[in-house]
Amino acid sequence: MTRKYSSRRRVLVTGGAGFIGSHLCERLLADGCDVLCADNFFTGAKDNIAHLVGNPHFELQRHDVTFPLYVEVDEIYNLACPAAPIHYQFDPVQTTKTSVHGAINMLGLAKRVKAKILQASTSEVYGDPEVHPQVESYWGHVNPIGVRSCYDEGKRCAETLFFDYHRQHGLRIKVARIFNTYGPRMHPNDGRVVSNFIVQALRGEPITVYGDGSQTRSFCYVDDLVDALVRLMATGDEVTGPVNLGNPREFTIRGLAEMVVERTGSKSRIELRPLPSDDPKQRRPDISLARKTLGGWEPTTPLEAGLARTIDYFRGMRAG
Ligand SMILES: NC(=O)c1ccc[n+]([C@@H]2O[C@H](COP(=O)([O-])OP(=O)(O)OC[C@H]3O[C@@H](n4cnc5c(N)ncnc54)[C@H](O)[C@@H]3O)[C@@H](O)[C@H]2O)c1
């Protein structure tokens, strides 16, 4: 991206070839921005953004955020980081580096070019929470030395860096704590419950439910999440977050499995397996702050509709 001659906002999306990032790039282009997508393709894919490549306002750069990036932009969405346990535990040292060095490099860039910067943080900063639902003022209950710590503590340190750059250098920051999000372009083998159930159902394999399936989860459709990210970026400089983003509507895991079987028309049976010891009974965001600060934002896509679109995507992938 070069110097600014047009009135278009120049926006950098790190991790832009990933699941959420690719939808965000699409939305920003539709909003009339010049979009630079930077990704090292660790979990992202060129297929996710192939349909954007011919657009003169879209640019793709292979780049690892653990190295500095020198570009001229007005806004930065920092999404680069593997998000599913099987991916972030593959190379835990690199995961921490991506969160921490990545944040330092992107904050350094924001400081140099005076850009506004948004961090894709996570509900995992609350760890194994003792407070339900989680509010932003809760500091969390995180194991610093476990196998999930590379992700949880990496994201916590990134939040610290964002707030220190804000306090020390006056940077305009936005921190979004994203809860469970689903939709087309999720990785088919990332072990997350929505993609797992859909893939099992489409293959006619048993749907594996842990425990009796009465544990609840909430799922946010990707378009609702992206809308919240864009609204958060557009808030006044006094709004820094952290702000929870997700869909508070709860479903039992068994209910989700049944819905997937019904919607795919699959013959798959639901198979109960022993519950892992660290499986939380409930996970649900408190989104009061988001409702208040994001101009009437509310997740509007019902699970039934979002699932239908996600199932279509996975069906297309199998056919393709
Ligand atoms: N999907 C969710 O439910 C969820 C929940 C909470 C937080 N988040 C956060 O949102 C962001 C996007 O998640 P996602 O679900 O789209 O995951 P994803 O794995 O599909 O996307 C992450 C992208 O970052 C890229 N990437 C990874 N390491 C990189 C590096 N060092 N340099 C450059 N690019 C790199 C990957 O190739 C991928 O394209 C992540 O930061 C994640 O922690 C997601």
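Since the model is a prediction, treat every value here as computed from it, not as a measurement.

### So, the pattern of salt bridges
Oppositely charged side chains can form a pair if their charged atoms are brought close together.
For step 1, the next point in the chain: Following the criterion strictly, the structure yields 18 salt bridges and no others.
For step 2, the next point in the chain: The salt bridge involving Glu250 is made with Arg284; its shortest N-O contact spans 3.2 Å. Of the two residues, Glu250 sits in strand β12 (residues 250–252) while Arg284 sits in the loop between β14 (282–283) and α8 (288–293), which places them 34 residues apart along the sequence.
For step 3, the next point in the chain: Through salt bridges that share partners, Arg27, Asp31, Asp227 and Arg231 make up one connected network.

### Looking at the sheet that holds strand β9 (residues 216–218)
For step 1, the next point in the chain: Ordered by their spatial adjacency, three strands build an open sheet running β12-β9-β14, and the pairing between neighbours is mixed. Among the strands making up the open sheet, the edge pair consists of β12 and β14.
For step 2, the next point in the chain: Two elements, β9 and β14, share two bridges in a ladder whose sense is parallel. Of the residues in β14, the one forming a bridge with Arg217 is Arg283.
For step 3, the next point in the chain: Contacting β9 and β12, helix α7 (residues 253–264) runs over the sheet at an angle of about 80° to β12.

### Some points on the packing of aromatic side chains
For step 1, the next point in the chain: Considering all chains together, one arrives at seven aromatic pairs under this definition.
For step 2, the next point in the chain: A ring pair is formed by Tyr182 and Tyr221, whose centres lie 5.5 Å apart and whose planes are at 65°; its orientation type is edge-to-face. In this pair, Tyr182 sits in strand β7 (residues 181–182) while Tyr221 sits in strand β10 (residues 220–221), placing the two residues 39 residues apart along the sequence.
For step 3, the next point in the chain: Judged by relative accessible area, which is 1%, Tyr182 ranks as buried.
For step 4, the next point in the chain: In textbook terms, an aromatic cluster arises when at least three aromatic residues are bridged by ring pairs, as seen for Tyr126, Tyr138 and Phe179.
For step 5, the next point in the chain: Looking at Lys46, its charged tip hangs above the ring of Phe41, at a distance of 5.4 Å from the centre.

### Topic: the site of the ligand
For step 1, the next point in the chain: Taken together, 30 residues lie around the ligand, and Ile20, Asp39, Thr43, Tyr151 and Lys155 are the ones closest in.
For step 2, the next point in the chain: Between the ligand and the protein, one listed contact pairs an oxygen atom with a backbone N or O atom of Gly44 at 2.9 Å.
For step 3, the next point in the chain: One of the side-chain N or O atoms of Arg192 is found 3.0 Å from a nitrogen atom in the ligand.
For step 4, the next point in the chain: A total of 820 Å² of accessible area belongs to the ligand in isolation, and the protein chains cover 96% of it.
For step 5, the next point in the chain: Put simply, the parts of the chain that give the shell around the ligand at least two residues each are α1 (19–30), α3 (92–113), β5 (116–122) and α4 (149–169).
For step 6, the next point in the chain: Broken down by element, the shell around the ligand gets its largest block of residues, three residues, from β5.
For step 7, the next point in the chain: Across the shell around the ligand, the residue classes tally to 14 nonpolar, 12 polar and four charged.

### As for the side chain of Thr235
For step 1, the next point in the chain: Along the chain, Thr235 turns up in the loop between α6 (222–233) and β11 (243–245).
For step 2, the next point in the chain: Aside from chain neighbours lying at most four places away, what touches Thr235 is Lys116, Lys174, Thr293 and Leu294.

### Digging into α7
For step 1, the next point in the chain: Compared with an ideal rise of 1.5 Å per residue, which puts 12 residues at 16 Å, α7 spans 16 Å between its outermost C-alpha atoms and is within 8% of the ideal.
For step 2, the next point in the chain: Along α7, the positions that sit buried rather than exposed are Ile253, Leu256, Ala257, Met259, Val260, Val261 and Thr264.
For step 3, the next point in the chain: Just past α7, the residue Gly265 takes up positive phi, approximately 65°.

### Points about α3
For step 1, the next point in the chain: Taking 1.5 Å of rise per residue, 22 residues should cover 32 Å, and α3 covers 31 Å from first to last C-alpha, within 8% of that figure.
For step 2, the next point in the chain: Its axis deflected by about 25° at Thr98, α3 carries its strongest bend there.
For step 3, the next point in the chain: Among all positions of α3, only Thr95, Thr98, Ser99, Val100, Gly102, Ala103, Asn105, Met106, Leu107, Gly108, Leu109 and Ala110 are buried.
For step 4, the next point in the chain: Buried residues in α3 make contact with β1 (10–14), β4 (75–78), α2 (85–88), β5, α4 and β6 (173–178).
For step 5, the next point in the chain: At the C-terminal side of α3, Lys114 shows a positive phi close to 55°.

### A short note on the environment of Arg148
For step 1, the next point in the chain: The topology assignment puts Arg148 in the loop between β5 and α4.
For step 2, the next point in the chain: Among the residues examined, Arg148 registers a relative accessible area of 33% and is labelled partly exposed.
For step 3, the next point in the chain: Separated by 97 residues in sequence, Arg148 and His51 have C-alpha atoms that sit 34 Å apart.
For step 4, the next point in the chain: With residues near it in sequence (within four places) discarded, Arg148 still touches Pro85, Tyr88, Gln89 and Glu124.

### A short note on the pairing of strand β2 (residues 34–39)
For step 1, the next point in the chain: Of all six residues in β2, six are buried, a share of seventy percent or more.
For step 2, the next point in the chain: Covered by surrounding structure in β2 are Asp34, Leu36 and Ala38 together with Val35, Cys37 and Asp39, the residues of both alternating faces.
For step 3, the next point in the chain: Here five bridges tie β1 to β2, and the two strands are oriented parallel to one another. Residue pairing across strands places Leu12 opposite Leu36, the latter belonging to β2.
For step 4, the next point in the chain: Strand direction decides the pairing type here: β2 and strand β3 (residues 58–62), joined by five bridges, are parallel.

Cut-offs and rules
- Residues numbered from 1 in each chain as written.
- Predicted model: local features only at pLDDT ≥ 70, side-chain atom pairs only at ≥ 80, totals over all residues.
- Heavy atoms only, no water.
- Salt bridge = Lys/Arg side-chain N within 4 Å of Asp/Glu carboxyl O.
- Helix = DSSP H or I, 4+ residues; strand = E, 2+ residues; numbered from the N terminus.
- Pairing = 2+ DSSP bridges.
- Contact = heavy atoms within 4.5 Å.
- Axes fitted to C-alpha atoms, helices over the stretch in contact; angles between N-to-C directions.
- Phe/Tyr/Trp six-rings, centres within 6.5 Å; stacked < 30°, edge-to-face > 60°.
- Buried < 20%, exposed > 50% of the residue type's maximum accessible area, 1.4 Å probe, protein only.
- Lys NZ or Arg CZ within 6 Å of the ring centre and 35° of its normal.
- Near = heavy atom within 4 Å.
- Polar contact = N/O pair within 3.5 Å; in protein donor to acceptor, adjacent residues only side chain to side chain.
- Areas by Shrake-Rupley, 256 points an atom, 1.4 Å probe, with all protein chains shown as cover.
- Nonpolar A, V, L, I, M, F, W, Y, C, P; charged D, E, K, R; others polar.
- Expected span 1.5 Å × (residues − 1).
- Bend = angle between axes of the 7 residues up to and from the residue.

Everything listed here is a matter of geometry and, on its own, says nothing about what the molecule does.
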